[in-house]
Amino acid sequence: MTKSGRAIRLGAFAALFCFTALQAQDSPGEPGKQDRGANPLKNVYFGEQHLHTENSPDAFVVNTRGTWADAYNWALGKEITLSTTGEKIKKSTPYDFVGITDHAEYFGVMPSLIDPKSPLSKTELGQKMNDPDADPTAPDSAINQILGSLITGVAMEEFVSPELQQSNWARYVETANRFNKPGEFTTLIAYEWTSIPNGRNMHRNVYWEGEGPAAPYTAFNSIYPQDLWTFMEFQRNVGMDSVAIPHNANVSDGWMFNPNTFLGGPMDARHAARQQANEPVMEIIQTKGQSDTHPAFSPNDEFADFEMFPNMINVAQASQIRYGYMRQGLGVGMALEEELGTNPFKFGIVAGADSHSAYSNNEEFNFHGSHGAVDDTPQKRLNPAMQPSGDVNAAVASGGTTAIWAEENTRESLFAGLKRRETYGTSGTLIRLRFFGGWNLDSDLVTKDDFVEEAYAEGVPMGGDLPARPANADAPTFAVWALKDPESGNLDRVQIIKVFVNKWGRPGEKIYDVALSDERSVDPETGKAPPVGNTVDVEKATYTNDIGDSQLSAVWTDPDFDPNQRALYYVRVLEIPTPRWTTYDAARNNLPLPEDFPATLQERAWSSPIWYTPGE
C-alpha cells in the first residue's frame, strides 16, 4: 500500500493504465482524449445512465427547461445555463458517455404544450398551461392533471398517439446522433419506463444497442416488468437488442427483489430466466438514495448507513425494506437459483443521478439541486420545509456515476460492457477500479507489469462467473486494484463483501477489509480496522489529502470458503471523509447546516459481483 504524496513505483501496465485513466482530466471539455483506439484489455469509461430534461413531464412541471442539447453539452464540460435560476454552471470533469432517460410516458410532449406553433398548445391542457392567471395548485390545473395521469397510469389519449410518440422519439434520436462521436463521446439511446403503482418504484431505464424501436414502451401500456420484457424480446428478435436497468429498489416497497412476481404469486423458472436475460445490471445509488444495503440487514457493516432515503415516491409512507436492497436481493437470487435453476437477480452494478434538471449532479462541490424549482436554491435545499409540501426527498444524495470497462468508447462497445456486467457504480467520484477472480492467482499478481493481461487469461473480471474449481484449489482468489479520483479524497480502504447461501438456504454476508491505507491493520479481536481519520473543516468545507492512500491493491483468498455454498463477491472502495454537498452549500452561502444530514461522507465505489456456483 502506497502512502499518498510519496513517489509511486508502477509497473509498465499500471503506468499505462494510470495515463489512460487520467488523461481525460488533462483536457477538460474534451472527453475521449484517453481513447487511442480499441484496447483488448479495455479502458474505463465514466458516464451518466439516468438523466431527465424538459422532455420528462415531472421535470417540466417543476420548471426545468433544459434540453437534450443542454444535457449533452453539460456532460462534455461546456457551460450551460440552469433554466430555473439562470445560473451559469459547468461540469468540472467531463464524462465519456451519457444516456438521457426521459420518461417514456408523455415523452417529449410537455414543451409542445407551451409552444404556440404546436397544435398541442391549442388543446384544453395546452390552454391551461398557457393561461397566466391559472392556479397551478387547483385540482383541475394542468399540472395536477399531468401528475395525476402519471400516478394513476391512465393516459390522456391525445398525448399518446403513435404518430406523436414516433415523432418525438425521432427528434430525440436525431439529437443523440448529432452529439455522438465514436471514440470520443458516446450518446447511448435510452428512456425510462415508469411503473409506479401506489408509489411503489418499479422503474427501469431501457437501453438500446442502436437507435431502438419506433417509439418507447410505456407504463401506460403495462405496469408489469414482464410485459416490458416481452416488448424487449420482440424487438430483439427483429435485431434491436436492449437491456433494462432497475433503479431505486430502496423505494420499491419490497418488490424489486421479491421472490414473488410484482403484485403476483411465486416466481417460476421462466420468469427468473427472462429477468436475468433482460436485466443484467441495476442502479445502486442516485439522488434518491442508495440501494446497496440497510443497517437492519447489515448490522455488522459500519458503513451501511449511507445516503438513506426512506419514503416511497410521492407518498408520505416508508417503503418496506425487506426485498428492497441489493445485497439481500443478491442472496435471495442465489437461493432462488437453487430452487428454480436460474438466478433472477444476477445483477451487475451501475449508478446514476436521476437529476430532473438536465444536468448530472455527481460532483459534491458542484451540486445545484436535482429537481428543478423544487430545490434550485441553497435555501430550499438546506431547509426542506421551504420545498413544496416539505418534500425532504427532493435532493438527498448527489448523483452517482457509472463506469464501464470496454474496448473503445462507442455505442456497441459500451452496450456490450453493460450486457456482460463489466461495470461498477460510484457515489459520484471517479475512482478507477479493477476486480478479477480465479483459482490459484499469483499472490503478487497486482504488482506485475502484465497484471491485467494475466488476470483476464487466468481469471474472470467483475460481472463474471468463476470457472469450475480445479482439484488443486482450496478457495477462490481475487485481485483488486483501486486508484483515487484526482479531484476527490484519498482512499481509506478496499473491502470485499461476500454474500452466500447457507445450508438452510438462507442468505448471509461477511465483509473483509483486504487493503487499508496508512499502514493500518485489522484488530484481530474485533475484526474491525481503526478509522482513517477526518481532515474536514466543516465551516470552510475543505479537507486535506494528508491521510489515506492514492492507490490500494490486494490479492486475497477467501478464508471461509465452503465449496458447497453458492457465493458471490463484490468490492467496495471507500474514500477518506470529505465534505457533503450540504456542507459546500452551507459554507458558500453562509447558511446553517441541516440537522438531518451528516456534514461529511465517505464517497465510494461498488464493483459488479463475481459468482461462485458449486459443481460448475
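Residues numbered from 1 in each chain as written. Predicted model: local features only at pLDDT ≥ 70, side-chain atom pairs only at ≥ 80, totals over all residues. Heavy atoms only, no water.

Caption draft 1: Up close: helix 7 (residues 162-179). The end-to-end C-alpha distance of helix 7 is 26 Å, a good match for the 26 Å that 18 residues give at a rise of 1.5 Å each. Looking only at helix 7, the buried set comprises Leu164, Gln165, Asn168, Trp169, Tyr172, Val173, Thr175, Ala176 and Phe179. One side of helix 7 carries all its buried residues, which in axial view fall inside an arc of 165°. Where helix 7 is buried, its residues contact helix 3 (68-75), strand 5 (97-100), strand 6 (186-193) and helix 12 (411-419). (Helix = DSSP H or I, 4+ residues; strand = E, 2+ residues; numbered from the N terminus. Expected span 1.5 Å × (residues − 1). Buried < 20%, exposed > 50% of the residue type's maximum accessible area, 1.4 Å probe, protein only. Arc of directions from axis to C-beta. Contact = heavy atoms within 4.5 Å.)

Caption draft 2: Main features of the nonpolar core. Membership of the largest hydrophobic core comes to 65 residues, with the highest contact counts inside it found for Tyr72, Tyr172, Tyr191, Tyr424, Phe435, Val494 and Val573. Considering each element in turn, this core owes the most residues, five residues, to helix 7. Not counting residues up to four positions away in its chain, the partners in contact with Tyr72 are Val98, Ile100, Tyr172, Thr175, Ala176, Phe179, Phe185 and Thr187. By size, the runner-up hydrophobic cluster in this structure holds 31 residues, among which are Trp255, Ile285, Leu340 and Ile349. (Core = buried A, V, L, I, M, F, W, Y, C linked by side-chain atoms within 4.5 Å.)

Caption draft 3: Region of interest: the pattern of salt bridges. Overall, the coordinates contain 31 salt bridges when judged by the stated rule. For Glu509, the salt bridge identified is with Arg327, shortest N-O distance 3.0 Å. In this pair, Glu509 is assigned in strand 19 (residues 507-516) and Arg327 in helix 10 (residues 326-340), connecting sequence segments 182 residues apart. Accessibility expressed as a relative area gives 1% for Arg327, which makes it buried. Through salt bridges that share partners, Asp292, Asp301, Arg327, Glu509 and Arg572 make up one connected network. (Salt bridge = Lys/Arg side-chain N within 4 Å of Asp/Glu carboxyl O.)

Caption draft 4: Spotlight on the pairing of strand 7 (residues 204-208). Burial analysis of strand 7 places five of its five residues in the buried class, which makes it a mostly covered element. Side-chain alternation along strand 7 places Arg204, Val206 and Trp208 on one buried face and Asn205 and Tyr207 on a second face that is also buried. Of the strand pairs in this sheet, strand 6 and strand 7 are connected by five bridges, and their pairing is antiparallel. Looking at strand 7, one finds that Trp193 is bridged to Arg204. Judged from the five bridges that link them, strand 7 and strand 8 (residues 242-246) form a sheet pairing that is antiparallel. Bridging across to strand 8, Trp208 finds its partner in Ser242. (Pairing = 2+ DSSP bridges.)

Caption draft 5: Representation of the pairing of strand 19 in the model. Of the pairings in the sheet, the one linking strand 18 (residues 491-501) to strand 19 comprises nine bridges and is antiparallel in character. By the bridge assignment, Val499 is partnered in strand 19 with Glu509.

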